[in-house]
Amino acid sequence: GAVVSQHPSWVICKSGTSVKIECRSLDFQATTMFWYRQFPKQSLMLMATSNEGSKATYEQGVEKDKFLINHASLTLSTLTVTSAHPEDSSFYICSAGEGLYETQYFGPGTRLLVL
Amino acid sequence: QQQVKQSPQSLIVQKGGISIINCAYENTAFDYFPWYQQFPGKGPALLIAIRPDVSEKKEGRFTISFNKSAKQFSLHIMDSQPGDSATYFCAASLRGGGNKLTFGTGTQLKVEL
């Protein structure tokens, strides 16, 4: 149980285009999902908290107009990187909270490369 | 006050040995302490977690030791295997904080034959 999927796993795009990443909880409903960014050999950096049916809460320093988050249902959250630039290239990982204590289960990640 | 300090940054252990990774926190309100294992190119996987009402939790070869007064917790991997080679992250959260996880900096473990 407690499986989280992400799609796509890999994406290469041109500078200036937008990219959408999907995060799904496959066998449970998640009121809260989280989006992280991870650079090589570094820890996970929380970007935003996504709550179903309401606006996402962004961490300090994260541009909400650049990283659009939508949590349309209890099993799906999306992250759209708008007008992507090479500096947005990174590993993006989502997690979903499950159970009474909202244990976080992570997706497999999406590697974004902006050329 | 929200930091979680993790050590060592990297660790090399012989097969069959014990791997020990330590974490320290400052916020006494934290009430949930999970450990995650991450392989290259993959998302973190929940390994084991503990709440502050117990001092130790064991699941197979993995044990968490928790010292509430010292605000420290550690992961012990018994009989370490080459397949355990990965990056390990400790984390902490509190329910009142929206269950946001505060992660340690990670420990890169290598288990040699």
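Keep in mind that what you see is a predicted model, and the values were worked out from it rather than measured.

Caption draft 1: Looking closely at the sheet that holds strand β1 (residues 4-7) of chain A. Residue and element names in this part refer to chain A. Read across the sheet, 4 strands follow the order β1-β3-β8-β7 without closing on themselves; strand pairing throughout is antiparallel. Looking at which strands have only one partner, the edges of the open sheet turn out to be β1 and β7 (67-73). Strand-to-strand twist in this sheet, taken as the mean axis angle between neighbours without regard to direction, amounts to 15°. With 6 bridges connecting them, strand β3 (residues 19-25) and strand β8 (residues 76-81) associate as antiparallel partners. Within the sheet, the bridge partner assigned to Arg-24 lies in β8 and is Leu-76.

Caption draft 2: Region of interest: the nonpolar core. Grouped together as the largest cluster of nonpolar side chains are 25 residues, with contacts concentrated most on Val4(B), Phe33(B), Trp35(B), Phe73(B), Leu75(B) and Tyr88(B). Elements that contribute at least two residues to this core include exactly β2 (10-14), β3 (19-25), β4 (33-38), β5 (45-50), β7 (62-67), β8 (72-77), β9 (86-92) and β11 (107-112) of chain B. Sort the elements by how many residues they give to this core and β9(B) lands first, with 4 residues. For Val4(B), the residues in contact, after removing those within four places along its chain, are Cys23(B), Ala24(B), Tyr25(B), Phe30(B), Phe73(B), Cys90(B), Ala92(B), Thr102(B), Phe103(B), Gly104(B) and Thr105(B). Listed in part, the 24 residues of the second largest apolar core include Val19(A), Cys23(A), Phe28(A) and Phe67(A).

Caption draft 3: Region of interest: the state of the cysteines. Enumeration according to the criterion identifies 2 disulfides over all chains in this entry. In this model, Cys23(A) is linked to Cys94(A) through a disulfide, with the two sulfur atoms separated by 2.0 Å. One quick way to see it: the torsion about the S-S bond of Cys23(A) and Cys94(A) is about 80°, and its sign makes the bridge right-handed. With Cys23(A) in strand β3 and Cys94(A) in strand β9 (residues 90-98), this pair connects stretches of sequence that are 71 residues apart. Neither Cys23(A) nor Cys94(A) differs from the other in exposure class; each is buried. Shown here is the disulfide that connects Cys23(B) with Cys90(B), its sulfur atoms set 1.9 Å apart. Because the sign of the S-S torsion sets the handedness, a value of about -95° for the bond joining Cys23(B) and Cys90(B) places this disulfide among the left-handed ones. Within this pair, whereas Cys23(B) is found in strand β3, its partner Cys90(B) is found in strand β9, the two being separated by 67 residues in sequence.

Reading the values: the criteria
Residues numbered from 1 in each chain as written. Chains lettered and ligands numbered in written order. Predicted model: local features only at pLDDT ≥ 70, side-chain atom pairs only at ≥ 80, totals over all residues. Heavy atoms only, no water. Pairing = 2+ DSSP bridges. Helix = DSSP H or I, 4+ residues; strand = E, 2+ residues; numbered from the N terminus. Axes fitted to C-alpha atoms, helices over the stretch in contact; angles between N-to-C directions. Core = buried A, V, L, I, M, F, W, Y, C linked by side-chain atoms within 4.5 Å. Buried < 20%, exposed > 50% of the residue type's maximum accessible area, 1.4 Å probe, protein only. Contact = heavy atoms within 4.5 Å. Disulfide = S-S within 2.5 Å.

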